[in-house]
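# Residue-level structure breakdown
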Amino acid sequence: MILLLQVVRFLECICHKVVPKELWGSSENKAMFLRNLAKFVRLHRGETFTLGQLMAGIKISSCQWLKDKGTLKSHIPLSDSLKQQQLLAQFIWWLVTKYLMVVLKTFFYITESGTHRQRVFYYRKPVWKKIHRFGLNTFCGEFFKLLKAKEADELLRRPSSLGFSLLRFVPKSSTVRPITNMRHCPKIKEPINAQKQQSVNWKLQNVFEVLKFEKERNPKSLGATLFGTDDLYRALKPFVARVRTVSERRPLYFVHVDVKNCYESILHQKLYDVIKQVLVEEEYLIRRFSLLRVSAGKVYR
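Calculation criteria
- Residues numbered from 1 in each chain as written.
- Predicted model: local features only at pLDDT ≥ 70, side-chain atom pairs only at ≥ 80, totals over all residues.
- Heavy atoms only, no water.
- Core = buried A, V, L, I, M, F, W, Y, C linked by side-chain atoms within 4.5 Å.
- Buried < 20%, exposed > 50% of the residue type's maximum accessible area, 1.4 Å probe, protein only.
- Helix = DSSP H or I, 4+ residues; strand = E, 2+ residues; numbered from the N terminus.
- Contact = heavy atoms within 4.5 Å.
- Salt bridge = Lys/Arg side-chain N within 4 Å of Asp/Glu carboxyl O.
- Axes fitted to C-alpha atoms, helices over the stretch in contact; angles between N-to-C directions.
- Parallel < 35°, antiparallel > 145°, perpendicular 65-115°, else oblique.
- Left-handed = near helix turned anticlockwise from the far one by under 90°.
- Nonpolar A, V, L, I, M, F, W, Y, C, P; charged D, E, K, R; others polar.
- Phe/Tyr/Trp six-rings, centres within 6.5 Å; stacked < 30°, edge-to-face > 60°.
- Pairing = 2+ DSSP bridges.
- Expected span 1.5 Å × (residues − 1).
- Bend = angle between axes of the 7 residues up to and from the residue.

What follows covers the nonpolar core. The biggest cluster of nonpolar side chains holds 33 residues, and the ones touching the most others in it are Phe 33, Leu 88, Ile 92, Leu 100 and Tyr 122. Taken together, the elements giving at least two residues each to this core come down to α1 (4–18), α3 (27–41), α5 (78–107) and β2 (120–124). At nine residues, the largest contribution of residues to this core is made by α5. Sequence-distant contacts of Ile 92, that is, excluding residues within four places in its chain, are made with Phe 33, Leu 51, Leu 54, Met 55 and Ile 58. By size, the runner-up hydrophobic cluster in this structure holds six residues, among which are Trp 128, Phe 139, Phe 169 and Val 176.

Have a look at this one:
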C-alpha cells in the first residue's frame, strides 16, 4: 500500500516534468493547483471534487497565453474574460481527467478497504496482482465454480439466464472480501443476443416485487425478513415503545455482529424450498406507473 503523500509527490513530479511553465502563468498558480490536486487525492470514497475547486486560487490574469496579443487594452471585456476562464478550465479538466487520472490507473489499483470503509487506498499494480491472486485462490475454489468458455456461453444464451456480474476484492486487515455488484450491467464488446443488456438486479426486480407483496399479504410467510431500512424502523419502533412502557430509564443497546461467510453458506436447495412455499399463486400481475409533477414550469418524475 502506497501512502497518500507518496501519490501526491508522484503527481507533482509528473506536473513538473510534463506541463510547461508558461501554461501555469506563475509559480503561485502552479503551487495553488498542486495544493488543490493534493486535496483531490486525499478524498474519501463518495466525496466529490468539482472543477471549480481544482481552479480555486488560480489567477487567470497571470496566464499570458490566454490574452489576445493583438490588443493593447488594459480593460478586458466580460466576454473575453469568460472565454479565458473557459479555456483555462478546459486545460485543467483535460490535465486531470485525461492525463493524471489515466496515469494513476496505470500505475495503481485504487480501492476502499474493509477496515476503513470510506478511506481510499493506492496499491502498486504488481502488489495488487498478488493480492488478487490470493483472493482467487482463497474464495474461488470454495464458493465459485470454474467454467469453460463454452459452458459459460451456453448458460448465458439460455432464456432464463440472469447474466453475470463482475467480481472484485476489497482488502481487509489479513484477508480480502469478495464483492459483486448486481446493480451494474457489465459492458461486453460482442452482445450475446439482440436483447438490451440488463443487470442481474433489474431482471430480478419482478420477483422482488412479488416477494414484497406476499410478505405484506402474509407477514409470517417470510419470518423476520426485512426489505430495507423502512421495514427495520417499523419493527424497531413498537419494540422500543414496549420497553419504554416497562421502564423509561432502561438503556437500549445495539449490538453489531458479522456472520462469517453468511451469504456464501446459504443452502440453495433450502432457499428454493422456502421460496416455493411463499409463492402460492400460479401467476402474478405487476403494474408499473410513474408519478409526474410540475414545478416552476418544469416536469419532474
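Structure shown, so let's carry the discussion forward.
It is worth spelling out the side chain of Gln 84 at this point. If you trace the backbone, Gln 84 turns up in helix α5. The exposure class assigned to Gln 84 is buried, which follows from its relative accessible area of 10%. When sequence neighbours within four positions are dropped, the list of residues in contact with Gln 84 reads Ile 60, Leu 66, Lys 67 and Ile 76.

Turning our attention to the pattern of salt bridges. Opposite charge on two side chains permits pairing when their charged atoms draw close. Tallied over the full model, the rule gives eight salt bridges. One salt bridge connects Glu 112 with Arg 168, and the closest N-O pair in it is separated by 2.8 Å. One end of the pair, Glu 112, is in strand β1 (residues 108–112); the other, Arg 168, is in strand β3 (residues 167–171), and 56 residues separate them in sequence. Given a relative accessible area of 29%, Arg 168 falls into the partly exposed group. The salt bridge involving Arg 217 is made with Glu 214; its shortest N-O contact spans 2.7 Å. Taken together, the positions of Arg 217 and Glu 214, both in helix α9 (residues 205–217) and three residues apart, correspond to about one turn of that helix. Note on Glu 214: relative accessible area 3%, which makes it buried. Here the salt bridges share partners, and the residues they tie into one network are Arg 45, Glu 112 and Arg 168.

Once that is clear, we can look at the packing of α1 against α5. Contact geometry for α1 and α5: axes closest at 11 Å, N-to-C directions at 130°. Put simply, α1 runs oblique to α5. The element α1 and its partner α5 pack so that their crossing is right-handed. Each of Val 7, Phe 10, Leu 11, Ile 14, Cys 15 and Val 18 in α1 lies in contact with α5, whose residues at this interface are Tyr 99, Leu 100, Val 103, Leu 104 and Phe 107. Tallied by class, residues from the contact of α1 with α5 come to eleven nonpolar, no polar and no charged.

Moving on: the packing of aromatic side chains. All chains considered together, the criterion is met by twelve aromatic pairs. Taking the centre distance of 6.3 Å and the plane angle of 75° together, the rings of Phe 213 and Tyr 284 count as edge-to-face. Linking Phe 213 in helix α9 with Tyr 284 in the loop between α11 (268–278) and β5 (293–295), this pair joins segments that are 71 residues apart in sequence. For Phe 213, a relative accessible area of 38% gives the class partly exposed. For Tyr 284, a relative accessible area of 28% gives the class partly exposed. One aromatic cluster is present, built from ring pairs that chain together Phe 10, Phe 107, Phe 108 and Tyr 122.

Both β3 and strand β4 (residues 176–180) contribute to a ladder of five bridges, which runs antiparallel. Bridging from a neighbouring strand, Leu 167 pairs with Thr 180 of β4. Following β3, the chain reverses through four residues before pairing antiparallel with β4.

This part takes up α5. Here α5 contains 30 residues, and its C-alpha end-to-end distance of 42 Å stays within 8% of the 44 Å for a straight helix at 1.5 Å per residue. Maximal helix bending in α5 amounts to about 30°, located at Leu 100. All of the buried residues along α5 are Gln 84, Leu 88, Ala 89, Phe 91, Ile 92, Leu 95, Val 96, Leu 100, Val 103 and Leu 104. Looking at the buried side of α5, the elements it contacts are α1, α2 (21–24), α3, α4 (51–54), β1 and β2.

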